[in-house]
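Inside the fold
This is what each chain is made of:
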Amino acid sequence: MEFLKDLELSSTTICALVAASFAVWYTTTAFVSWYRLRNLPGPPTAKFSYFWQFQTIVTGRVGDRYLNLRDYGPLVVTAPGTVVTDDPDVLRKISGARSSYGRSLWYAGAKFTHDTDSMGTQVDTVAHDTLKAKTAGPYAGRETEGGLEKAVDAQLIRLIDLIRRKYLSRNGELRPVDFSLVSRYFTLDVISGLIFGKPWGHLDEGADVLDWCSSMDTLLPLMTMGFELPALRSILIPKYGLLRWFGPRATDKSGLGVVIKHVNELICQRFENQEKHAKDMMSGFIRNGMTRTECEGETILAILAGTDTTASTIRSSLLYLMLSPHAYARFKKEIKEAVEQRKVSSPITNEESLTLPYTQAVMWEAFRIGSALTFGHYKVVPRGGDTIHGLYLPEGTNIGHNTIALTHKKAIFGEDADVFRPERFLECNAQQKAEMIRALDIVFGGGRWTCAGKNVAILELNKVMFELMRHFDFQVVNVHTPVKERAYVGKLHDDMFVRISEADWDIV
């Protein structure tokens, strides 16, 4: 005790000891992280720190930086203990039904509230599979009145009507329309209509009625941080983490809390009224034994995963067509011929769309080059490690999609993979086309991890561009900056102003 009395440390000395301890800890852990993946290529700082990842997210440059990772090869280190790949065969392997790879804690970064899980945030494989079994029927459309296609058609008709009522430029006038918002209103009403049997009304007057769009514009960069930075995730997600105290809640007057409140109220009404015979996804969830909390988590996931992702691809489709006169004219020509020869209904059916070669080429090319997803969906290397492309990955390593590099992979899509050119799906042989579509299919995930809303997204993409171009003509307003794009785990678009006029079939 006398020794302790004599040991009087100044505040400066204490700070120095703390700093030294931190330096030793950081140097040791950084070295271990570097050593485990020392043989893999990647940005130099990424092997021992999160600096490269943090800077990429903060600057909104995920798109070009992850695309440039393809120069390192098919397997690239992006952060300590984390690699991404643009090889679809590898992604199919780790996502396969018999794969021993499990989900990483990356998925937990998608949680909006600390106590609500969904298929998208559930890391435990058994719990995920149990939840997926309960949601399989509703997501497949078996619980929806008239099926998925009828529900999509209803909102497509409303979209056409909204454009005619509010957005058309006539007789030489200019009425600029921000199509980045219009595309989101469409997908929001599609998914809300599917879940609750009645859309939320974004297409009534073209308004963000629940403030979802502006909320996601703010939250997506923060969510990407939560996905990618384990230290941030560890203080946000736990039971008594920051998300519990500072996350969105139903009492909020603005932001995501408004959506959560609306969703919770609608679900509460269903449980109280026990509308077991209603024909929509929510009633299907309840009939299949999902709890109220599970319904709340799954609904927010469905809105998150089923709106901005598909909307981003829709607006990218339109943008690339407007900027590619040859593709625009050829697409319009096929639409005109199909309508005149009465090959298509109004709206076009999914089955009819599959018979139109250039329509399908446009859809797949737009999905390829305009896909909203950029990277992520990490799995964990199982016990014993694994060797991929001759490189050893220790157990516990996170390996995920480099989606943007995959969809621009020259070995699969050709030397002009960075160019929007639908003809690539028509000029190739059957084997090459199958390889390209199979590579794009893994973007939706594989095996038990396949996106539950895949069928809805494909339905929308097969229909919406045909119908928009059937009824209208589009022109870019700001030719020097046609759209503002920021890329995180998904893409955000702003100020995509277009001029919309009634279709002039004389031009084709």
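Residues numbered from 1 in each chain as written. Predicted model: local features only at pLDDT ≥ 70, side-chain atom pairs only at ≥ 80, totals over all residues. Heavy atoms only, no water.

The name given to the chain in an unreviewed UniProt entry is Cytochrome P450 E-class, group I, and the organism recorded there is Triangularia verruculosa. Taken from UniProt, the Cofactor (unreviewed entry) comment for the chain reads in full: "heme". (UniProt positions renumbered as here; feature names shortened; annotations may be inferred.)

This part covers the overall build of the chain. What the chain contains, in helices and strands, is 24 helices and twelve strands. Projected onto its principal axes, the C-alpha coordinates of the chain cover approximately 100 × 60 × 50 Å. Per-residue burial over the chain gives 55% buried out of 508 residues. Taking all contacts inside the chain whose residues are at least 6 apart in sequence as the whole, residues at least 24 apart take part in 73%. Here the chain has roughly 22,700 Å² of accessible surface; of this, 56% comes from carbon and sulfur atoms. The averaged location of the 59 negative side-chain charges in the chain is 2 Å from the averaged location of its 59 positive side-chain charges. (Helix = DSSP H or I, 4+ residues; strand = E, 2+ residues; numbered from the N terminus. Buried < 20%, exposed > 50% of the residue type's maximum accessible area, 1.4 Å probe, protein only. Contact = heavy atoms within 4.5 Å. Areas by Shrake-Rupley, 256 points an atom, 1.4 Å probe, with all protein chains shown as cover. Lys, Arg positive; Asp, Glu negative; His and termini not counted. Charge placed at Lys NZ, Arg CZ, Asp CG, Glu CD.)

The next point concerns the pattern of salt bridges. Applying the stated criterion across every chain yields a total of 32 salt bridges. A salt bridge links Asp129 to Arg448, with the nearest nitrogen and oxygen atoms 3.0 Å apart. In this pair, Asp129 sits in helix α6 (residues 125–140) while Arg448 sits in the loop between α23 (430–441) and α24 (454–471), placing the two residues 319 residues apart along the sequence. Assessed through its relative accessible area of 26%, Asp129 is described here as partly exposed. (Salt bridge = Lys/Arg side-chain N within 4 Å of Asp/Glu carboxyl O.)

A separate point is the environment of Lys198. Inspection of the secondary structure assignment puts Lys198 in the loop between α8 (179–196) and α9 (202–205). Note on Lys198: relative accessible area 62%, which makes it exposed. Residues Lys198 and Ala151 lie 47 residues apart in sequence; the distance between their C-alpha atoms is 9.6 Å.

This part takes up the sheet that holds strand β1 (residues 75–79). Strand-to-strand pairing in sheets goes through backbone hydrogen bonds, with the strands running parallel or antiparallel. One open sheet accounts for five strands, arranged β1-β2-β8-β5-β3; its pairing is mixed. Two strands lie at the open edges of the sheet, namely β1 and β3 (102–103), each paired on one side alone. Bridge count between β1 and strand β2 (residues 82–85): four bridges; the pairing is antiparallel. Residue pairing across strands places Val76 opposite Val84, the latter belonging to β2. (Pairing = 2+ DSSP bridges.)

In this section: the sheet that holds strand β9 (residues 472–476). With antiparallel pairing, the three strands of this open sheet are ordered in space as β4-β12-β9. Two strands in the sheet have a free side with no partner beyond their single neighbour: β4 (177–178) and β9. In terms of strand pairing, β4 meets strand β12 (residues 497–502) through two bridges, oriented antiparallel. Within the sheet, the bridge partner assigned to Val177 lies in β12 and is Val498.

Time to look at the packing of helix α16 (residues 308–322) against α24. Helix-helix packing is characterised by the crossing angle of the two axes and by the distance between the axes. The N-to-C vectors of α16 and α24 enclose an angle of 35 degrees; their axes lie 10 Å apart at closest approach. For α16 against α24, the interelement crossing comes out right-handed. Residues Thr310, Thr313, Ile314, Ser317, Leu318 and Leu321 of α16 touch α24, and the partners they reach there are Ala457, Glu460, Leu461, Val464, Met465 and Met469. Grouping the constituent residues of the contact of α16 with α24 by class yields eight nonpolar, three polar and one charged. (Axes fitted to C-alpha atoms, helices over the stretch in contact; angles between N-to-C directions. Left-handed = near helix turned anticlockwise from the far one by under 90°. Nonpolar A, V, L, I, M, F, W, Y, C, P; charged D, E, K, R; others polar.)

Moving on: the packing of helix α3 (residues 51–58) against helix α10 (residues 212–228). As a packed pair, α3 and α10 sit with axes 10 Å apart at the nearest point and diverge in direction by 165 degrees. By the criterion of interaxial angle, the relationship of α3 to α10 is roughly antiparallel. For the pair α3 and α10, the sense of crossing is right-handed. Counting all contacts with α3, which are made through Gln53, Phe54, Ile57 and Val58, the residues of α10 involved are Pro221, Thr224, Met225 and Glu228. (Parallel < 35°, antiparallel > 145°, perpendicular 65-115°, else oblique.)

As recorded in UniProt, the feature "binding site: heme" (unreviewed entry) lies at Cys451. You can see Cys451 is positioned in the loop between α23 and α24.

Turning our eyes to something else, we now look at the packing of aromatic side chains. Considering all chains together, one arrives at twelve aromatic pairs under this definition. With 4.3 Å between their ring centres and 20 degrees between their planes, Trp106 and Phe227 make a pair best called stacked. Of the two residues, Trp106 sits in the loop between β3 and α6 while Phe227 sits in helix α10, which places them 121 residues apart along the sequence. Assigned by exposure class, Trp106 and Phe227 land together as buried. (Phe/Tyr/Trp six-rings, centres within 6.5 Å; stacked < 30°, edge-to-face > 60°.)

Right, let's get into the nonpolar core. Core analysis: the biggest nonpolar cluster contains 134 residues, and Ile399, Leu468 and Phe474 have the highest contact counts within it. In this structure, Phe474 is in contact with Leu318, Met322, Tyr328, Leu468, Met469, Val498, Arg499 and Ile500, ignoring residues within four places of it in sequence. (Core = buried A, V, L, I, M, F, W, Y, C linked by side-chain atoms within 4.5 Å.)

Two faces, one strand: in a regular strand the side chains alternate between the faces of the sheet. Residues Thr82 and Val84 point to one face of β2 and Val83 and Thr85 to the other, with burial holding for every one of them. Here β1 folds back onto β2 in antiparallel fashion, the turn holding two residues, of which Gly81 has a positive phi close to 70 degrees. Taken together, the four bridges between β2 and strand β8 (residues 398–401) define a ladder with parallel strand orientation. The partner of Thr85 across the bridge, within β8, is His401.

Moving on to the environment of Phe331. Along the polypeptide, Phe331 turns up in helix α17 (residues 325–340). For the pair Phe331 and Thr113, spaced 218 residues apart in sequence, the C-alpha to C-alpha distance is 44 Å. Leaving out residues up to four positions away in the same chain, Phe331 has contacts with Leu321, Tyr358, Thr359, Val362, Met465, Phe466 and Met469.

So, on to the pairing of strand β11 (residues 491–494). Two elements, strand β10 (residues 484–487) and β11, share four bridges in a ladder whose sense is antiparallel. Paired with Arg486 across the strands is Leu492, a residue of β11. With antiparallel pairing between neighbouring strands as the criterion, β10 and β11 make up a hairpin whose turn holds three residues.

Time to look at α17. Residues three or four positions apart in an α-helix share a direction because the helix packs 3.6 residues into each turn. The end-to-end C-alpha separation of α17 is 22 Å, in line with the 22 Å expected for 16 residues at 1.5 Å each. Every buried residue belonging to α17 is among Ala327, Tyr328, Phe331, Lys332, Glu334, Ile335 and Ala338, and all of these are buried. The buried residues of α17 all sit within an arc of 160 degrees when viewed along its axis, so they share a single face. Exposed and facing more than 90 degrees away from the buried side of α17 are Pro325, His326 and Glu340. Those residues of α17 that are buried are in contact with α16, α19 (357–370), α24 and β9. Remark: Arg342 follows α17 within two positions and exhibits a positive phi of approximately 55 degrees. (Expected span 1.5 Å × (residues − 1). Arc of directions from axis to C-beta.)

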